[in-house]
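Fold and geometry: a report
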Amino acid sequence: MIRSLKDILVVSDMDNTLLTPEDGVPFVNQVTMRLFCALGGHFTVATGRTMESAGRHLDSMTLSAPAILYGGGVIYDFDHDIRIRNTLLSKPSARRAVCDVLARFPGVGVEIMTEDGGICVVRANEYTYRHTVHEGLTYRMAPLEELDGGWNKVLFACSHEMLMQIQDFLDARKYPGVYFIATNRNYFEIMPEGAAKGAALGELCTYMGIPIENTVAIGDYFNDIELMRAAGHSVAMGNAPAHIRAAADACTADHTENGVARAIERYLLEERI
């Protein structure tokens, strides 16, 4: 039962939800997050980003709970620098899928997120450049043979047209222990079986002692659907595809119009879901 904001956990996607490409976390979102947490509410993010990538925005985000990272493969406590959850890929299946895609699609970019928190670029293109160099992320170039240790996920980066071809190519093959998901129009990822934002939300709720029915999930893309379905209440961004908006309990404004802040104000500070 929700008696106060202390009983509520809000979990928001980052890119094209909480963040905008131009402004990062808009000031109105920053103020609303700060107010919500000051009144006792719990706020965190669920994103495909790594610790380094998400952590670059910590100064403009008010997180009062561990973050769901790597698309749900990792739950990370920034305050104490610990991984509460760390799910790794089935490396033989993931390696085989990467090799198959590299051979079939010469123009695709490939990044591998390793368990040490690093990013390894196996094949670079304009999309991996945009992701790593433009965002100022730490990465290294290396062939697959040099990647010892575990992998958290693999990211294919390419045009939307090539992404659709890669999706069809992989869907026609079997790779036990992993699954594939598009995370935006230019990114297609290999994820560990059972690692997803929705499953991570359940584990986070158990860790925090908050009933999952007391959670609010805010998202904008197909990789947010499981999170939105798992949560007690779901909010789709105004910029989300129609299918995502139809699956949500409510809709808010676009990410460029402070949609996260408006959702918190309307559904929590005013209406108390």
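Residues numbered from 1 in each chain as written. Predicted model: local features only at pLDDT ≥ 70, side-chain atom pairs only at ≥ 80, totals over all residues. Heavy atoms only, no water.

**Quick notes on the nonpolar core**
Put simply, the test is: Working definition of a nonpolar core: buried Ala, Val, Leu, Ile, Met, Phe, Trp, Tyr and Cys residues. They are joined through side-chain atoms within 4.5 Å. For each residue, the accessible area found with a 1.4 Å probe, counting protein chains only, is set against the maximum for its type, and the residue is called buried under 20%, exposed over 50%, and partly exposed in between. A helix here means a DSSP run of H or I that spans at least four residues, while a strand means a run of E at least two residues long, and both kinds are numbered starting from the N terminus.
Among the nonpolar cores identified, the biggest contains 38 residues, and Phe 36 and Phe 43 are the most heavily contacted of them. Listed by contribution, the elements that provide at least two residues to this core are helix H1 (27-38), strand S2 (42-45), helix H2 (51-55), strand S3 (67-69), strand S4 (74-77), strand S9 (151-157), strand S12 (215-219) and helix H9 (259-270). Looking at this core element by element, the count peaks at 5 residues for H9. Counting residues in each nonpolar core, the second largest holds 29 residues, with Leu 102, Phe 105, Leu 144 and Tyr 175 among its members.

**Some words on the sheet that holds strand S5 (residues 82-86)**
Here is the rule we go by: In this scheme, strands are said to pair when DSSP sees at least two bridges between them. In this description, a line fitted to the C-alpha atoms serves as the axis of each element, helices being fitted only across the stretch in contact, and the angle between N-to-C directions of two axes falls anywhere from 0 to 180 degrees. The contact rule is simple, with two residues in contact once any of their heavy atoms fall within 4.5 Å.
One open sheet holds the 3 strands; their spatial order is S3-S4-S5, and the pairing between them is antiparallel. In this open sheet, the two strands that pair with only one neighbour each are S3 and S5. The average undirected angle you get between the axes of adjacent strands in this sheet is 25°. The sheet contact formed by S4 and S5 spans 4 bridges and is antiparallel. Bridging from a neighbouring strand, Tyr 76 pairs with Arg 83 of S5. Along the sheet, helix H6 (residues 197-208) makes contact with S3, S4 and S5, crossing S5 at roughly 125°.

**Let's talk about the pairing of S4**
Of the two faces of S4, the one lined by Val 74 and Tyr 76 and the one lined by Ile 75 and Asp 77 are each fully buried. Where S3 lies against S4, 3 bridges are found, and the strand directions are antiparallel. Each residue of the ladder has a partner; that of Leu 69, found in S4, is Val 74. Connecting the antiparallel pair S3 and S4 is a turn made up of 4 residues, with Tyr 70 showing a positive phi of about 50°. If you look at the hairpin formed by S4 and S5, you'll find 4 residues sitting between the two strands, and Asp 81 has a positive phi there, around 55°.

**Quick notes on the layout of surface pockets**
Heads up, the condition is: Cavity means a closed set of points on a 1 Å grid over the protein atoms alone, one where a 1.4 Å probe fits but cannot get out, pocket means an open set with protein on both sides within 12 Å along at least 5 of 7 lines, and lining means a residue has an atom within 4 Å of a point. Grid points are joined across faces, edges and corners, and a volume is the space filled by probe spheres set on the points. Asp, Glu, Lys and Arg are counted as charged, while Ala, Val, Leu, Ile, Met, Phe, Trp, Tyr, Cys and Pro are counted as nonpolar; the rest, among them Gly, fall into the polar class.
Approximately 990 Å³ is the volume attributed to the largest pocket. Of all the secondary structure elements, the ones that give two or more residues to the lining of the largest pocket are helix H4 (126-132), S9, strand S10 (178-184) and strand S11 (187-192). Tallied by class, the residues present in the lining of the largest pocket amount to 10 nonpolar, 15 polar and 13 charged. Lining the second largest pocket are 15 residues, and of these Tyr 179, Ile 181, Ala 196, Asn 223 and Glu 226 lie nearest its centre. A total of 3 residues in the lining of the second largest pocket trace back to one element, the largest contributor, which is S10. In the lining of the second largest pocket, the residues fall into 7 nonpolar, 4 polar and 4 charged.

**Observations concerning the pairing of strand S1 (residues 9-12)**
On a regular strand, one side chain projects to one face of the sheet and the next to the other, so that they alternate. The following threshold applies: Seen with the strands pointing away from the viewer, any crossover whose path from the first strand over the helix to the second strand runs clockwise is right-handed.
Burial of S1 is two-sided: the residues Leu 9 and Val 11 facing one way and the residues Val 10 and Ser 12 facing the other way are all buried. As paired strands, S1 and S12 are joined by 4 bridges and run parallel to one another. Bridging across to S12, Val 10 finds its partner in Val 216. For the segment spanning S1, H1 and S2, crossover handedness is right-handed.

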